[in-house]
Amino acid sequence: DGGITQSPKYLFRKEGQNVTLSCEQNLNHDAMYWYRQDPGQGLRLIYYSQIVNDFQKGDIAEGYSVSREKKESFPLTVTSAQKNPTAFYLCASSYQAGGRFEQYFGPGTRLTVT
Amino acid sequence: KQEVTQIPAALSVPEGENLVLNCSFTDSAIYNLQWFRQDPGKGLTSLLLIQSSQREQTSGRLNASLDKSSGRSTLYIAASQPGDSATYLCAGHFTGGGNKLTFGTGTQLKVEL
């Protein structure tokens, strides 16, 4: 089955620890994205990557880091510098062809930091 | 700055009713408009995508329209069912916005028995 996988589904960490969220896709999409979703707020873009070995900051990149060493993988590290890391994190990928730009999402990872 | 707005934030309807969800955007230079469904605690599922050259798209009981001149898109759900209860989000891909989507905050729909 083609799609986007995120692991784990639930993640718990102590304050002050870095944590890495996994995102893998087998859709052969060039572009990948990380979003954060908080109750009552829309999706906010953290980082995105349009091609391997390249990525750009989104609207709320502070306290986060990413890497894109492989087309299929776009891990997100939530560092101890992120002031409010508890949230639902969504990974997405997109393709663009023939006037069509479409984005697909993974199932999400809920991170709780205490 | 492109903005996408969805009003109302929440909507409750009786089963069987036809309903319309609204999405408005500030930039008429829209490339694509994509509608998603999100169930609690889950990721987003793509429902329909309308390209700027199209006026509407249909999938089963769902029909989405796009009016660039008025900056509006609607998602029509026919004969609503309790299983349609979810949050519906629209997102625009705008010319000059790079390979990114601008999301609305969603309409939470509840279809009651």
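A tally of helices and strands in chain B yields zero helices and 11 strands. The secondary structure elements of chain B, listed N-terminal to C-terminal, are β-β-β-β-β-β-β-β-β-β-β. In terms of overall dimensions, chain B has C-alpha extents of about 45 × 30 × 20 Å along its principal axes. Long-range pairs, those at least 24 residues apart, make up 55% of the contacts in chain B between residues at least 6 apart in sequence. Taken as a whole, chain B presents about 5200 Å² of accessible surface, with 47% of it coming from carbon and sulfur.

All names here are of chain A. In this structure, Gly 63 sits in the loop between strand 6 (54–57) and strand 7 (64–66). Classification of Gly 63 by relative accessible area gives buried; the value is 13%. Setting aside residues up to four positions removed in sequence, Gly 63 forms contacts with Thr 77, Val 78, Thr 79, Ala 81 and Gln 82.

A few words on the interface of chain B and chain A. Each partner contributes residues to the interface: chain B has 19 residues there, and chain A has 22 residues. Summed over both sides, the interface between chain B and chain A buries roughly 1800 Å², with carbon and sulfur atoms accounting for 51% of that surface. At the junction of chain B with chain A, the criterion picks out zero salt bridges. At the surface where chain B touches chain A, the tally comes to 11 residue pairs in polar contact (both at pLDDT 80 or more). Taken together, the elements giving at least two residues each to the side of chain B that touches chain A come down to strand 4 (30–38), strand 5 (44–51) and strand 9 (86–94) of chain B. Residue composition of the side of chain B that touches chain A, by class: seven nonpolar, 10 polar and two charged.

Cut-offs applied
- Residues numbered from 1 in each chain as written.
- Chains lettered and ligands numbered in written order.
- Predicted model: local features only at pLDDT ≥ 70, side-chain atom pairs only at ≥ 80, totals over all residues.
- Heavy atoms only, no water.
- Helix = DSSP H or I, 4+ residues; strand = E, 2+ residues; numbered from the N terminus.
- Contact = heavy atoms within 4.5 Å.
- Areas by Shrake-Rupley, 256 points an atom, 1.4 Å probe, with all protein chains shown as cover.
- Buried < 20%, exposed > 50% of the residue type's maximum accessible area, 1.4 Å probe, protein only.
- Buried area = accessible area lost by both parts, 1.4 Å probe.
- Salt bridge = Lys/Arg side-chain N within 4 Å of Asp/Glu carboxyl O.
- Polar contact = N/O pair within 3.5 Å; in protein donor to acceptor, adjacent residues only side chain to side chain.
- Nonpolar A, V, L, I, M, F, W, Y, C, P; charged D, E, K, R; others polar.

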